[in-house]
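# Coordinate analysis (summary)
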Amino acid sequence: MVAAQQGLVYPAHVLHARYAARRVVYAVEVRADEHGPLAAEGEEAKERGVAICMDCRNHSMEFARAAACVMAGNGITVKLFESLRPTPELSFAVREYGCEAGINVTASHNPKEYNGYKVYWSDGAQLPPQHAAAIARELEHIDIFTGVTSMDFDEAVNKGLITMLGEDCDKRFMANVMSMVNDYETVKKVADDFKLVYTPFHGCGHKLVPEALTRLGIKHLLCVPEQMVIDGNFPTVVSPNPENPEGFYLAIDLAKKNDVDFILGTDPDSDRVGIMVRNKQGEFEPVTGNQTGVLLLDYLIGAMKRAGKLPANAAALKTIVTTEMARAVAEANGLDCYDTFTGFKFMAEKMNELEGAGKNTVIFSYEESYGYMIGHYVRDKDAVTASLLLTEMAAWYYSQGMTLFDALNALFEKYGWYGEKTHNLVMPGLDGAEKMAALMKSLRETPPSEIAGVKVATYKDYSDGTARDAASGEVTKIALSGSNVLRFELCDGTHIVVRPSGTEPKIKVYILTKGADAQERDANLVKYSAWVNTLA
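Residues numbered from 1 in each chain as written. Predicted model: local features only at pLDDT ≥ 70, side-chain atom pairs only at ≥ 80, totals over all residues. Heavy atoms only, no water.

## A look at the packing of helix α4 (residues 87–96) against helix α7 (residues 167–178)
At a minimum axis distance of 10 Å, the contact between α4 and α7 shows a crossing angle of 100°. Looking at the two axes, α4 sits roughly perpendicular to α7. Of the residues in α7, those touching α4 at Pro88, Glu89, Phe92, Ala93 and Glu96 are Cys169, Asp170, Arg172, Phe173 and Asn176. Tallied by class, residues from the contact of α4 with α7 come to five nonpolar, one polar and four charged. (Axes fitted to C-alpha atoms, helices over the stretch in contact; angles between N-to-C directions. Helix = DSSP H or I, 4+ residues; strand = E, 2+ residues; numbered from the N terminus. Parallel < 35°, antiparallel > 145°, perpendicular 65-115°, else oblique. Contact = heavy atoms within 4.5 Å. Nonpolar A, V, L, I, M, F, W, Y, C, P; charged D, E, K, R; others polar.)

So this is what it looks like as structure tokens:
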């Protein structure tokens, strides 16, 4: 059991689903008072209740029903989805129906052995780290067999404490998704010829993503038949993760047989999306999350301008480990660009802050790990809406005689040859945590004056929110603080970010660089990767 940034993740074999869910739900929502979960908010909050959703994982329905029964047993009303739905629809439902909180039973893109638990509050965003930590502490004090009050499912339904969500929520959610379309006309013009392949990797995107693309006007949507089958064992892939290109082998076969240039894949809970495009050699290659976000941001700015939809005070959000190319795209087009810590809970907070103050309207938020948030009806990453707009974008470029491979290279020519690489310094074993702490301590107390022969210009420490000029020693404050992350900004414009993983025994090192051309960019990645390898 792990208290993770993305929620609480259980190996499915550790405990029977019913008892595990009961214990977690009780800690999250019912044990009140000093811990501040739902019951502490009073009777009105209990009446507003909780929306509960689930994905395709083994035992997900059991977990969801057990969660609903615990809520009902403690006088909290529940809106329970009748069957699996994409994660963003759960975020939407919390906001749309005025719920006090939300629960999604999902392990996202993790291996098939796992199931997990994401908790949302009334704004539709996931709980921040301090609340997740309080939940984890509370778990240690609950007896899973005798310490939890619950109610029979049928009794709860008969008493009106559990009601079902389904088609009504789908219609409302999809109305908001389709409102994000910018250019039906171009799609219509190319619809007879434009084709794409889609796979949901056996998960929740199987229904609403094809529906969205069909409503957009796509006529030639080829879905991978073997992977349209809902199955928590993910029989056709080793990993149901769109970050891993090997999972797309069936989609690539289908694309090649049908002369398709564009492939789209969503992860099992349909909050993340990955794409593959055909290159000049006729082979398919993955587009990274960083690159996909840059493509989409640039396209959205242009498409919204053409449609007269771009707000005067538009802004984009990205995480501190996401490519600096996104900032270049935003600022070149007159948008503000803000950094947040990793995780859409922080992007949701920043969006609420900016828009609540009347300073900006956020049109796009993303992180390098294939998550994109568009629109204002969800507060989490949303592969349904992202899939819709990625397809609109691909169709628009198709109308210009370009593939997305062509488009990406055109953006490099326009904004600069940016490149990124992430290294995972795995430190397993009983002393793994000590090794991780020692490395972070060493880099913080005796930071390198140069990296791979290039001088460090600025040291940033996000734990205390300070930046130190390497030449003068002057210390200034930065906007973000409170996270164990270090950033080294080099004289050639390269940024290297170091942070411990919140869920695994490893330190992640992100290289964010730029070259005068593709060759210099790639050489920088090799050079700085060699330095990172000396840290292991």
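## A look at the sheet that holds strand β10 (residues 262–266)
Spatial strand order, β9-β8-β10-β11-β12: five strands in an open sheet with mixed pairing. Because the sheet does not close on itself, it has two edges, and the strands there are β9 (220–223) and β12 (284–287). Strand-to-strand twist across the sheet, computed as the mean angle between neighbouring axes with direction ignored, equals 25°. With three bridges connecting them, strand β8 (residues 195–199) and β10 associate as parallel partners. Note that in β10 the partner of Thr199 across the bridge is Gly265. (Pairing = 2+ DSSP bridges.)

## Here we look at the state of the cysteines
One covalent bond between the sulfur atoms of two cysteine residues makes up a disulfide. Scanning the entire structure with this criterion turns up zero disulfides. Take Cys69: it sits in no disulfide, and the sulfur closest to it among the cysteines is that of Cys53, at 17 Å. Not part of a disulfide, Cys99 finds its nearest cysteine sulfur in Cys169, a span of 9.2 Å. The exposure class assigned to Cys99 is buried, which follows from its relative accessible area of 3%. (Disulfide = S-S within 2.5 Å. Buried < 20%, exposed > 50% of the residue type's maximum accessible area, 1.4 Å probe, protein only.)

## Looking at helix α13 (residues 344–356)
Here α13 is 13 residues long and its end C-alpha atoms lie 18 Å apart, about the 18 Å a rise of 1.5 Å per residue gives. Residues of α13 that are buried: Phe344, Lys345, Phe346, Met347, Ala348, Lys350, Met351 and Leu354. Of the surrounding elements, those touching the buried residues of α13 are α5 (129–139), β13 (314–319), β14 (336–340), β15 (361–367) and β16 (371–373). Looking one or two places after α13, you find Gly358, whose phi comes out positive at around 70°. (Expected span 1.5 Å × (residues − 1).)

## A look at the packing of helix α9 (residues 205–216) against helix α14 (residues 383–399)
α14 packs onto α9 with a crossing angle of 35° between their chain directions and a minimal axis gap of 9 Å. Remark: the crossing between α9 and α14 carries right-handed chirality. Across the interface between the two elements, Leu208, Val209, Ala212, Leu213 and Leu216 of α9 pack against Val384, Ser387, Leu388, Thr391 and Glu392 of α14. Taken together, the residues of the contact of α9 with α14 break down into seven nonpolar, two polar and one charged. (Left-handed = near helix turned anticlockwise from the far one by under 90°.)

## Focus on the confidence of the model for the protein
Taken as a whole, the protein shows an average pLDDT of 91; of its residues, 92% reach a score of 70 or greater. Across residues 9–17, confidence stays below pLDDT 50; counting only partners more than four residues off in sequence or on other chains, it has 29 contacts. Ignoring residues within four places in sequence, the model shows residues 31–36, a span with pLDDT below 50, making twelve contacts including any to other chains. (pLDDT = per-residue confidence, 0-100.)

## Brief notes about the packing of aromatic side chains
In this description, an aromatic ring pair is defined by two values, namely the gap between the centres and the angle between the planes. Taken as a whole and judged by the stated rule, the model has 13 aromatic pairs. For the ring pair Phe364 and Tyr372, a centre distance of 6.2 Å and an interplane angle of 10° mean the geometry is stacked. With a relative accessible area of 1%, Phe364 lands in the buried category. The residue whose ring lies beneath Arg65 is Phe153, and the NZ or CZ to ring-centre distance is 3.6 Å. Geometry around Phe412 places Arg521 over its ring, the cationic atom sitting 5.1 Å from the centre. (Phe/Tyr/Trp six-rings, centres within 6.5 Å; stacked < 30°, edge-to-face > 60°. Lys NZ or Arg CZ within 6 Å of the ring centre and 35° of its normal.)

## Some thoughts on the pairing of β15
With six of its seven residues buried, β15 lies for the most part within the structure. The sheet contact formed by β13 and β15 spans five bridges and is parallel. When the bridges of β15 are listed, Leu317 appears paired with Ser365. Here β15 pairs with β16 via three bridges, running antiparallel. Bridging from a neighbouring strand, Glu367 pairs with Gly371 of β16. Counting the residues in the hairpin turn of β15 and β16 gives three residues, including Tyr370, whose phi is positive at 70°.

## Things to note about the environment of Lys195
The residue Lys195 is located in strand β8 in this model. When its relative accessible area of 26% is taken as the criterion, Lys195 is described as partly exposed. In this structure, the C-alpha to C-alpha distance between Lys195 and Asp231, residues 36 residues apart in sequence, is 26 Å. Setting aside anything within four residues of it in sequence, one finds Lys195 in contact with His220, Asn258, Asp259 and Val260. Polar contacts involving the side chain of Lys195 include one to the main-chain carbonyl oxygen of Asn258, which spans 2.6 Å. (Polar contact = N/O pair within 3.5 Å; in protein donor to acceptor, adjacent residues only side chain to side chain.)

## Considerations on the environment of Met436
Structurally, Met436 can be placed in helix α16 (residues 432–445). On the basis of relative accessibility, which here comes to 10%, the residue Met436 falls in the buried class. A sequence separation of 117 residues divides Met436 from Thr319, and the C-alpha atoms of the two residues are 22 Å apart.

## Regarding the pairing of strand β20 (residues 466–469)
By the bridge criterion, four bridges tie strand β19 (residues 454–461) to β20 in an arrangement that is antiparallel. Opposite Lys460, over in β20, you have Ala467 as the bridge partner. Linking β19 back to β20 in an antiparallel pair, the connection comprises four residues, with Gly465 at a positive phi of about 70°. Two strands pair when backbone bridges link them, and β20 and strand β21 (residues 475–477) are joined in this way by three bridges, in the antiparallel orientation. Counted as the bridge partner of Thr466 is Lys477 from β21. The loop that links β20 with its antiparallel partner β21 comprises five residues; one of these, Gly473, has a positive phi angle of about 80°.

## Looking at the pattern of salt bridges
Under the defined criterion, the tally for this structure stands at 35 salt bridges. When the shortest N-O distance is used, the salt bridge between Glu324 and Lys318 registers 2.9 Å. What makes Glu324 buried here is its relative accessible area of 16%. Note that Lys460 is salt-bridged to Glu489, the shortest N-O span being 3.0 Å. Taken together, the residues Lys460 in strand β19 and Glu489 in strand β22 (residues 486–490) connect sequence positions 29 residues apart. According to the relative accessible area criterion, Glu489 is buried, its value standing at 14%. (Salt bridge = Lys/Arg side-chain N within 4 Å of Asp/Glu carboxyl O.)

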